[in-house]
Amino acid sequence: MITTALRMLLGDRTKLIGLIFGVAFSTLLICQQVSIFFGLLDRASSVVDDVREANVWVMDPSVKTIDAPFPLRDTELGRVRGVQGVDWAVPFFKAQVQVRTRGGNLENAVILGVDDASLVGVPDAFVLGSIEDLAQPDAIAINPAGFRLLFPGQELDLGRKLELNDRRAKIVAIVDASPAFAANLTIFTRYSLATQYTNNGRNQLSFIIAKSTDGLDAKEVAQNIADQTGLKAITSDQFRIESIMYILANTGIPVSFGTVVVLGAIIGVAIVGLTFNQFIMENLKQYAALKAIGIRNSRLLCMTIAQATFVGVIGYGLGLGAAAAFFSNTSRNVDALRGFYLLPEVAVGVAIAAAVIVFVSTLLSMRRVLVVDPATVFRG
C-alpha cells in the first residue's frame, strides 16, 4: 500500500514540488531566523566571554547589562582588592566611540580599556601582532571586521593611523575578538589611553574584573565584595545571563524574530495544507475505489502518512541544506553576520516543527477521504 501511495504522489509532479517547496521554505525561514536570534543573544555577552581570566565582575548596583555601564570612583578598585578571597582585581573600561575613516565618514565602535600593567581582558587569538605591542605609545588593537570596515578592500596590516576624539591612535595588532552586539568595530587599548579617547567625565571606571583565590567559590567571593563595598558583584556566568535577559526584556528582538518564525510556520501549513487538500480532492475517486475493495480508513490514513513522510523528509532536507549553506557563506564573507551559524539544537527543533506542520496539514486534508462514499467510484 505504501508503494501505491507513493505512485499516486509521484504521479502529480506539480503538486509534489509545491508540497516539498512549502516544507523547505518553512524549514529555511525558521532555521535562519531562530539561529540569528540566538546569535544576537550570544553577542550580548561577547565582551564577558572574551575576558576569560576573570570570574567576578564588579559594577555599580544599577547596571544590568555589559552595554550600559555606570562609572565607578577610582577608589573602588582598592576596596575590591582588599576583600578577602580576591586574588587580583584590575580596572576594565567600556564605552562607545566614533572613529573617523580614511574617507571622512564616522563609524561607531566599542572601545575596551584593559589594565595597563597586566593587559587582562584582551582575547588570546591574535591575527597580526601580539599583546605586548599594546604597550607602545598610542597603541590599539582592532578586530578584522573593524579593519575591513575602516579600510575596505585592503589586506590586513599594521601601522595604520586612526583619529579617536581628536587624538592619534596607531593599529599595532589585529585580534580575533568575538563580534560585539552594538558595533562591528571593536578597539582594545590600555585603560589610560581609553579614558583619553573618550572623555566621559570625572569617573571613568566602567567595571572592575577580578579573580577569586584558587579553591574559593566565585559566588562566595562576589558576595563578600558586595557585602563589604556596597557594589554589585556577580560571577561571569551570572553577568552573561543578565546581559542576555536585558536584551530579551528591553528590546523588540524576541517579538520581531518570534513573529517571523510563527509566520513561517503558518505559511508552511497554508502551502502544504492547501496543496495536499487539492491533491486529495483530485484523487478522491481513487481513494473511493480503494475503500470499495475493502481497504479500511486506518490503511488509507497510513498511506497518506507515508506520503506526508516522503514530502516532509525531502522538504526538510532541502530547507536545512539551504540554511546551512546560507550560514556557511555569510559567516565567512559578511562581517555583520560573523559568528552566526546553524545550531544543532535548532535543526532538531525545526525537524519536529516540520513534522508537525506536515502531519497537521495531512490530517486536515484527510477528512474528505475518511467520509467518502465508496459508491463514488461507480458514478459518472
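Remember, it's a predicted structure, so these values are computed and weren't measured experimentally.

(A) Broad picture of the overall build of the chain. Check the secondary structure of the chain and you find 13 helices and 10 strands. If you line up the chain on its principal axes, its C-alpha atoms span 95 × 50 × 30 Å. In the chain, once contacts between residues fewer than 6 apart in sequence are set aside, the share between residues at least 24 apart is 78%. When the accessible surface of the chain is totalled, it reaches about 17,800 Å², and 58% of it is carbon and sulfur.

(B) Local environment of the packing of helix α2 (residues 13–44) against helix α9 (residues 253–282). It is the contact of α2 with α9, at a shortest axis distance of 9 Å, that shows an interaxial angle of 170°. Classified by the angle between their axes, α2 and α9 sit roughly antiparallel to one another. Classifying every residue of the contact of α2 with α9 gives 21 nonpolar, eight polar and two charged.

(C) Region of the structure containing the packing of aromatic side chains. According to the stated counting rule, one finds 10 aromatic pairs in the structure shown. With a centroid separation of 5.4 Å and 65° between ring planes, the pair formed by phenylalanine 37 and phenylalanine 38 is classed as edge-to-face. Take phenylalanine 38: its relative accessible area is 40%, and that puts it in the partly exposed class. Feature note: the residues Trp57, Phe92, Phe207 and Phe239 constitute an aromatic cluster, connected by ring pairs. The ring of phenylalanine 340 carries the charged tip of arginine 43 above its face, separated from the ring centre by 4.7 Å. The ring of phenylalanine 151 has arginine 160 lying over it, and the distance from NZ or CZ to the ring centre is 4.6 Å.

(D) Representation of the pairing of strand β3 (residues 106–114). Summarising the sheet, strand β2 (residues 86–100) and β3 pair through eight bridges and their orientation is antiparallel. Bridge pairing links alanine 95 to isoleucine 111 in β3. In this structure, β3 lies alongside strand β8 (residues 185–190), joined through six bridges in parallel fashion. In the strand pairing of β8, alanine 109 is matched with leucine 185.

(E) Region of interest: the environment of isoleucine 280. Residue position: isoleucine 280 is located in helix α9. Linking isoleucine 280 and serine 365, residues 85 residues apart in sequence, is a C-alpha distance of 6.9 Å.

(F) Structural view of the environment of arginine 73. For arginine 73, the location among the structural elements is in the loop between β1 (56–59) and α4 (75–81). Judged by relative accessible area, which is 48%, arginine 73 ranks as partly exposed. Beyond its immediate sequence surroundings of up to four residues, arginine 73 is in contact with Asn203 and Leu205. Of note is the side chain of arginine 73, whose polar atom sits 2.9 Å from the side chain of glutamate 76.

(G) Broad picture of the domain arrangement of the chain. What the domain assignment reports for the chain is domain 1 (2–44 + 252–378) and domain 2 (73–230). Counting from both sides, the interface comprises seven residues of domain 1 and, opposite them, nine residues of domain 2. Of all residues in domain 1, Arg43, Asp335 and Arg338 bury the most surface against domain 2, accounting for 77% of the area lost on that side. For the interface between domain 1 and domain 2, the tally reads zero salt bridges. At the surface where domain 1 touches domain 2, the tally comes to zero residue pairs in polar contact (both at pLDDT 80 or more). For the side of domain 1 that touches domain 2, the leading source of residues is α2, giving three residues. When grouped by side-chain class, the residues that make up the side of domain 1 that touches domain 2 number four nonpolar, no polar and three charged.

(H) The arrangement of unusual backbone geometry in detail. With phi around 60°, leucine 119 is a residue other than glycine that occupies positive phi space. By the secondary structure assignment, leucine 119 is in the loop between β3 and β4 (126–128). A positive phi angle is found at aspartate 138, which is not glycine, with a value near 60°. For aspartate 138, a relative accessible area of 26% puts it in the partly exposed group.

(I) Spatial organisation of the side chain of serine 35. Of note, serine 35 is situated in helix α2. Those residues in contact with serine 35 that sit more than four places away from it in its chain are Phe327, Tyr341, Leu342, Leu343 and Val346.

(J) Structural detail: helix α8 (residues 236–250). Spanning 15 residues, α8 covers 21 Å between terminal C-alpha atoms, matching the ideal 21 Å at 1.5 Å per step. Three or more residues of α8 are buried, namely Ser236, Phe239, Ser243 and Ile247. Across the axial projection of α8, the buried residues extend over an arc of 80°, all falling on one side. Along α8, the residues that are exposed and aim more than 90 degrees away from the buried face are Ile241 and Ala249.

(K) Structural context of the nonpolar core. Judged by nonpolar contacts, the single largest core of 39 residues is most densely connected at Val99, Ile142, Ile187 and Ile225. Once residues lying within four places of it in the same chain are set aside, the contact partners of isoleucine 225 are Val56, Val58, Val80, Val83, Val86, Gly230 and Ala233. With 36 residues, the next largest nonpolar core counts Ile280, Met303, Val350 and Ala354 among its residues.

(L) Up close: the pattern of salt bridges. Per the counting criterion, the structure on display carries 10 salt bridges. Among the salt bridges present, the one from glutamate 76 reaches arginine 73, with a minimum N-O distance of 2.9 Å. Taking relative accessible area as the criterion, glutamate 76 reaches 5% and is therefore assigned buried.

The rules behind each value
Residues numbered from 1 in each chain as written. Predicted model: local features only at pLDDT ≥ 70, side-chain atom pairs only at ≥ 80, totals over all residues. Heavy atoms only, no water. Helix = DSSP H or I, 4+ residues; strand = E, 2+ residues; numbered from the N terminus. Contact = heavy atoms within 4.5 Å. Areas by Shrake-Rupley, 256 points an atom, 1.4 Å probe, with all protein chains shown as cover. Axes fitted to C-alpha atoms, helices over the stretch in contact; angles between N-to-C directions. Parallel < 35°, antiparallel > 145°, perpendicular 65-115°, else oblique. Nonpolar A, V, L, I, M, F, W, Y, C, P; charged D, E, K, R; others polar. Phe/Tyr/Trp six-rings, centres within 6.5 Å; stacked < 30°, edge-to-face > 60°. Buried < 20%, exposed > 50% of the residue type's maximum accessible area, 1.4 Å probe, protein only. Lys NZ or Arg CZ within 6 Å of the ring centre and 35° of its normal. Pairing = 2+ DSSP bridges. Polar contact = N/O pair within 3.5 Å; in protein donor to acceptor, adjacent residues only side chain to side chain. Domains from an automatic or database assignment. Buried area = accessible area lost by both parts, 1.4 Å probe. Salt bridge = Lys/Arg side-chain N within 4 Å of Asp/Glu carboxyl O. Expected span 1.5 Å × (residues − 1). Arc of directions from axis to C-beta. Core = buried A, V, L, I, M, F, W, Y, C linked by side-chain atoms within 4.5 Å.

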